Amino acid sequence: MTRRTSLFAAAAMAGAGALALVSSWTAPAAAQEWPQDDITIVVAYPAGGGTDSAIRAMTEILSRELGQNILVQNVGGAGGGVAATQVMSRDPDGYTLLATNSTSITLAPLVERTAYDIDDFGHVAILGEFQNAVFANKDVPFGTLDELVERVKEENRPMTYASQLAIDRLLMQYIAKERGIELLPLPVSGGSGAVQAVLSGDVDVSFSGGSWAPLVNAGDAKALFAASHGRLKVAPDLISMGEMGFPFGVTSHISLHAPAGTPEEVLEKISAAFEPAVNGEQAQNVGETRFMDMTFRGLAEAREVIRKERETYQAILATLEQQEKSE
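Residues numbered from 1 in each chain as written. Predicted model: local features only at pLDDT ≥ 70, side-chain atom pairs only at ≥ 80, totals over all residues. Heavy atoms only, no water.

S.K.: What should I look at first to understand the sheet that holds strand β10 (residues 253–259) in this one?
M.R.: Strand pairing in a sheet relies on backbone hydrogen bonds, with the paired strands running either antiparallel or parallel. The 6 strands are arranged β2-β1-β3-β10-β4-β11 in an open sheet whose pairing can be described as mixed. Strand pairing shows two members of the sheet lacking a second neighbour, β2 (70–74) and β11 (292–293), which therefore form its edges. Bridge count for strand β4 (residues 121–130) against β10 is 7 bridges, and the pairing is antiparallel. Bridge pairing in β10 places E129 opposite H253. Sitting on the sheet, helix α10 (residues 264–279) touches β1 (39–43), β3 (96–101), β4 and β10, and the angle it makes with β4 is about 10 degrees. In the packing of helix α12 (residues 299–326) onto the sheet, the strands contacted are β4 and β10, and the crossing angle to β4 comes to about 80 degrees. (Pairing = 2+ DSSP bridges. Helix = DSSP H or I, 4+ residues; strand = E, 2+ residues; numbered from the N terminus. Contact = heavy atoms within 4.5 Å. Axes fitted to C-alpha atoms, helices over the stretch in contact; angles between N-to-C directions.)

Put into structure tokens, the structure is as follows:
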């Protein structure tokens with residue numbers, strides 16, 4: 001090697017070292033400087049719902065904690081899928097976040113055609129848990145799942161239900177297979193559509209993440225069972241799926257996500273800011289009014305919740321597939 005070649009090689013190595021040094025400091029520096037602009041939270045449902053109300057109740061504290069304006073944007077459609085697709089494609093810089101029902105991330109990609117999957121997001125925090133239950137009109141002649149199953153078998157007809165999300169379709173299909181009955185879904189739009197279908201007597205039952213509770217408390221509907229494996233915080237006397245002999249139950253959460261690739265330091269800052277916001281009086285009041293358990297879970301725990309939720313739905317789907325093969 002000539003002296004000139006050696007000099008060029010040394011210069012190249014020094015340049016590469018300098019670039020490595022710059023890149024090693026760039027990411028932490030950028031994370032330390034974040035945030036420098038407004039932060040947009042995309043709520044995956046129309047304004048006025050439980051998720052939207054909870055997020056809007058948190059914005060004042062979030063703005064104070066992060067020192068920036070918090071903008072809320074409602075993007076409904078496809079049970080949360082439209083918003084998830086939009087946020088997935090945004091820059092992973094921490095300035096665009098997704099607030100959704102966790103099942104749009106954990107379940108929907110397993111049973112529907114979605115442009116995204118669970119790994120297309122950084123899972124930032126769990127902001128609350130929906131109190132899922134199955135309910136019916138107050139005037140129906142059954143008060144339990146077993147009584148409903150017995151009735152539809154006697155009448156030689158399918159069980160009818162209001163269908164709005166992937167989670168209720170999976171739940172009802174699972175129950176029908178276990179109890180040996182047929183299903184007839186009535187597609188509805190959102191929780192309000194499900195409530196109307198029940199109150200009008202158009203369906204036997206509906207699944208709900210919380211809108212059932214005020215109806216039951218007012219005497220306009222009856223709750224048949226908690227859709228979770230264990231009992232619900234807001235209705236501890238309501239029998240659970242586990243107690244009825246099912247090995248599974250469905251859970252869903254208000255979950256917060258960022259595009260995959262968002263720096264870990266930024267995710268940590270976002271998650272930390274949401275803890276006082278969730279625990280604030282306004283968000284807790286929304287939880288009480290909407291019958292949601294507003295309990296914060298940070299970065300590490302949120303990832304574990306999302307992982308376990310995905311595994312539960314995979315297990316239910318595997319059970320359904322095995323049942324179909326044996327028929």
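From this point, the narrative continues.
S.K.: When you look at the side chain of Q131 in this model, what are you seeing that I'm missing?
M.R.: You can see Q131 is positioned in the loop between β4 and β5 (133–137). Taking the relative accessible area as the measure of exposure, Q131 reaches 2% and is therefore buried. A distance of 3.4 Å separates the side chain of Q131 from the backbone oxygen of E129, its partner in a polar contact. If we ignore the near neighbours within four places in the chain, the residues touching Q131 are S208, G209, G210, W212, L232, K233, V234, F291, M292 and D293. (Buried < 20%, exposed > 50% of the residue type's maximum accessible area, 1.4 Å probe, protein only. Polar contact = N/O pair within 3.5 Å; in protein donor to acceptor, adjacent residues only side chain to side chain.)

S.K.: Help me understand the environment of Q164 in this model?
M.R.: Take Q164: it is sitting in the loop between β6 (159–163) and α7 (166–179). Along the chain, Q164 and S206 lie 42 residues apart, while their C-alpha atoms are 9.2 Å from each other. Setting aside anything within four residues of it in sequence, one finds Q164 in contact with R169, V188, G190, G191, A194 and F207. One polar contact links the side chain of Q164 to the main-chain carbonyl oxygen of F207, over a distance of 3.4 Å.

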